[in-house]
Amino acid sequence: MHRDVLLDVIGLHGGYGGKPVLQGVDFRVREGEIAAVIGRNGVGKSTLMRTLIGLLPTARGSINLRGRPLDAISAHKRARHGIGYVPQGRDVFPRMTVVENLLVGESIAGRSIPGRLEEVFGYFPILRERADQRAGTMSGGQQQQLAIGRVLMGDPSVILLDEPSEGIQPNIVQDIARIMVELNRKTGVTVIFVEQNIDMIRAMAQRCYVMDKGRIVAELDRDALSDRARIRQYLSV
Amino acid sequence: MEFLYAIFSFLYQFGDAFAFLVLSACGLAVIFGMMGVINLAHGEFILCGAYVSTSVAHMGLPLPVAIAAGSLAAGIAGMIVELVVIRPLYKRPLDTIVATWGISMIVTQGTLIVLGTTMAGSGTPLGSFVVGDYSYSTYRVVLMGMALATLAALWLMFTKTRFGILARATIQVPHVAEALGVNTNLVYSLTFGLGAALAGLAGGLYAPTMTLVPTMGAAFMVEAFVTVVVGGADIFLGTAPAAVVLGLIKATLTSWQGQLAGQIGMLIAVIIVIRILPRGISGKILKERA
């Protein structure tokens, strides 16, 4: 597989205010890949995702999407380059309906894509059933599907998923993993996800980056991912 | 027959009070409800709308055009104020109160210095009609219709248009809206502009009924604040019901004991509401729904 590099992150430093979290993150993700970022709590995984989308500033280093540097532009402009960010804890718009939540995601593409709502309903049938329900009244698993559907509305070329399994029933976790793999296979969308759930990592990831103390410290390929004990070791170092 | 006349008179007074409360308050409510900014310069956007529309009317243009011009001028002024003064202070809500209060004083005094103590009005159009022993202003009935039309237009804008959906998303979870490609700064700018334009509309609509003085914004400001405090942050669940309740109180006391009693009664009602419902009517409704 010699696919082009989609996202190239070089020596990335960043964090909250004066508190540095990322201490020189280097990694690259190729077009059409599903890559996991794993590691213990507090090593900077979510900070990395928030820095990639631009909700946190880059202190040093660079983020390049298809060779274009993103560091100097605001989050909404990064999104419009085709990045679909699914935040930790879902963060659906609670007092808006499911359909209204989905419509906001069209902003990633900057336009409404004909037939896309039906496609999203096809992947996540529960969203069709709950179309007019207020998003804040749904369960965690339903909200997670909504948050993923929301970015799909904008036809992203890469989806950033921050801990999709957090607080969700195991059977829904399996469903979400299966749908993400299917989406990746059908549409070629690149997926980068932060996760601690071994089953989800093994079900989805083609490549895995291990993070510790604000750096990427190891890279695991598909074969290494079949070794459950080894993944567990990285999650609990 | 006398009884029917009395009912008409009461309904007219209620409608008049309701219209004034809604039109004065909705601009303030949009800015407070959507952005959390307490805009103490609200009265001066009303002033802007009143002065511009009256000036345009003096140029010989029809009144509806003049009112639209006043609203537009206030809206543009609002977007400039948002960009220059409000935007740097988003994370400091108390400072926005001080800053907008400063703008209010500058505009009031500036208008006094540049345009003098008063401006010639354009006169109330449309004449009057008689019911029973009293005559009523036809234009005030138009104002009641405008208040209802404004509420309907705002409801359609916030629920049926793309701008409305993005604006609600931005108010609910701003950083996620931004991360989904929504230019949240633009949304804030347009929302503030909309609030200022609504204030300008109120100024333009009421300009023909009053004397234009640089401090005229204050007359609207009290009623606008009272309505928003009673209503809470939501325009439809808050401002409109609050205007109904306060309008009823005011109309009842005014027809019973005169204008002063109406005003006092309204303020007492506010004090009671703050005690019982600290987050206003809409805060209560939203809490029960959640």
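The rules behind each value
- Residues numbered from 1 in each chain as written.
- Chains lettered and ligands numbered in written order.
- Predicted model: local features only at pLDDT ≥ 70, side-chain atom pairs only at ≥ 80, totals over all residues.
- Helix = DSSP H or I, 4+ residues; strand = E, 2+ residues; numbered from the N terminus.
- Rg over C-alpha atoms; globule rule 2.2 N^0.38 Å.
- Buried ≥ 20, exposed ≤ 12 C-beta atoms within 10 Å, placed from the backbone.
- Contact = placed C-beta atoms within 7 Å.
- Core = buried A, V, L, I, M, F, W, Y, C linked by C-beta atoms within 7 Å.
- UniProt positions renumbered as here; feature names shortened; annotations may be inferred.
- Axes fitted to C-alpha atoms, helices over the stretch in contact; angles between N-to-C directions.
- Parallel < 35°, antiparallel > 145°, perpendicular 65-115°, else oblique.
- Nonpolar A, V, L, I, M, F, W, Y, C, P; charged D, E, K, R; others polar.
- pLDDT = per-residue confidence, 0-100.
- Pairing = 2+ DSSP bridges.
- Left-handed = near helix turned anticlockwise from the far one by under 90°.

**Quick notes on the overall build of chain A**
Inference 1: Of regular secondary structure, chain A possesses ten helices and ten strands.
Inference 2: A globule of 237 residues ought to have a C-alpha radius of gyration of about 18 Å, and chain A, at 17 Å, matches this closely.
Inference 3: Taken over the C-alpha atoms alone, chain A extends approximately 45 × 40 × 35 Å along its principal axes.
Inference 4: In chain A, buried positions account for 45% of the 237 residues.
Inference 5: Within chain A, contacts between residues separated by at least 24 positions form 71% of all contacts whose residues are at least 6 apart in sequence.

**Thoughts on the nonpolar core**
Within soluble globular proteins, side chains that are nonpolar tend to cluster in buried spots.
Inference 1: Grouped together as the largest cluster of nonpolar side chains are 152 residues, with contacts concentrated most on Leu160(A) and Val22(B).
Inference 2: The leading source of residues in this core is helix H1 (residues 2-35) of chain B, at 17 residues.
Inference 3: Not counting chain neighbours up to four residues away, the residues in contact with Val22(B) comprise Ala147(B), Thr150(B), Leu151(B), Thr239(B), Ala240(B) and Ala243(B).

**Side note on the UniProt feature "transmembrane region" (unreviewed entry) in chain B**
All names here are of chain B.
Inference 1: UniProt's entry tags residues 17-38, 45-61, 67-86, 98-119, 139-158, 186-207, 219-248 and 260-277 with the feature "transmembrane region" (unreviewed entry), counted in the numbering of this structure.
Inference 2: Annotation note: span residues 17-38, helix share 86%, strand share 0%, distance between end C-alpha atoms 23 Å.
Inference 3: The span residues 45-61 is 82% helical and 0% strand by assignment, and the distance between its end C-alpha atoms comes to 21 Å.

**Re the UniProt feature "domain: ABC transporter" (unreviewed entry) in chain A**
Inference 1: The feature "domain: ABC transporter" (unreviewed entry), as annotated in UniProt, sits at residues 7-235 of chain A in this numbering.
Inference 2: Measuring from the first to the last C-alpha atom of residues 7-235 of chain A gives 24 Å, for a span that is 38% helix and 28% strand.

**What about the packing of H1(B) against helix H8 (residues 184-206) of chain B?**
Residues and elements named next belong to chain B.
Inference 1: At a closest axis distance of 7 Å, the pairing of H1 and H8 adopts a crossing angle of 170 degrees. Relative to H8, H1 is oriented roughly antiparallel. Residue-level inspection shows Leu23, Ser24, Cys26, Gly27, Leu28, Val30, Ile31, Met34 and Met35 of H1 in contact with H8, the latter providing Tyr188, Thr191, Phe192, Leu194, Gly195, Ala196, Leu198, Ala199, Ala202 and Leu205.
Inference 2: For the contact of H1 with H8, a count of residues per class yields 15 nonpolar, four polar and no charged.

**Here we look at unusual backbone geometry**
Residue and element names in this part refer to chain A.
Inference 1: Although it is not a glycine, Asp155 sits at a positive phi angle of roughly 50 degrees.
Inference 2: One can find Asp155 in the loop between helix H6 (140-152) and strand S7 (158-162).
Inference 3: Look at Glu163: it is not a glycine, yet its phi comes out positive at around 50 degrees.
Inference 4: Considering the arrangement of structural elements, one finds Glu163 in the loop between S7 and helix H7 (170-187).
Inference 5: Exposure remark for Glu163: the 22 C-beta atoms within 10 Å place this residue in the buried category.

**Looking at the confidence of the model for chain B**
Inference 1: Per-residue confidence for chain B averages 89 on the pLDDT scale, and 99% of its residues sit at or above 70.
Inference 2: The complex prediction reports pTM at 0.87, with the ipTM value standing at 0.90.

**Thoughts on the environment of Ser236(A)**
Inference 1: Here Ser236(A) is to be found in the segment after helix H10 (228-235).
Inference 2: Along the sequence, Ser236(A) and Gly39(A) sit 197 residues apart, while their C-alpha atoms lie 7.6 Å from each other.

**Remarks on the sheet that holds strand S8 (residues 190-194) of chain A**
All names here are of chain A.
Inference 1: One open sheet accounts for six strands, arranged S6-S7-S8-S3-S9-S10; its pairing is mixed. At either end of the open sheet lies a strand with only one pairing partner, and these are strand S6 (83-86) and strand S10 (215-220). Pairwise comparison of adjacent strand axes, ignoring direction, gives a mean angle of 20 degrees for this sheet.
Inference 2: Relative to S8, S7 runs parallel, the two sharing five bridges. Looking at S8, one finds that Val158 is bridged to Thr190.
Inference 3: Packing against the sheet, helix H1 (residues 45-53) makes contact with strand S3 (34-38), S6, S7, S8 and strand S9 (207-212), and its axis sits at approximately 145 degrees to S7.

**A short note on the packing of H1(B) against helix H9 (residues 217-231) of chain B**
All names here are of chain B.
Inference 1: Where H1 contacts H9, the two axes come as close as 8 Å, and the packing angle between them is 65 degrees. Read as a crossing pair, H1 and H9 show a hand that is right-handed. Judged by residue contacts, Phe20, Leu21, Ser24, Ala25, Leu28, Ala29 and Phe32 of H1 engage Phe220, Glu223, Ala224, Thr227, Val228 and Gly231 from H9.
Inference 2: For the contact of H1 with H9, the per-class residue count stands at nine nonpolar, three polar and one charged.

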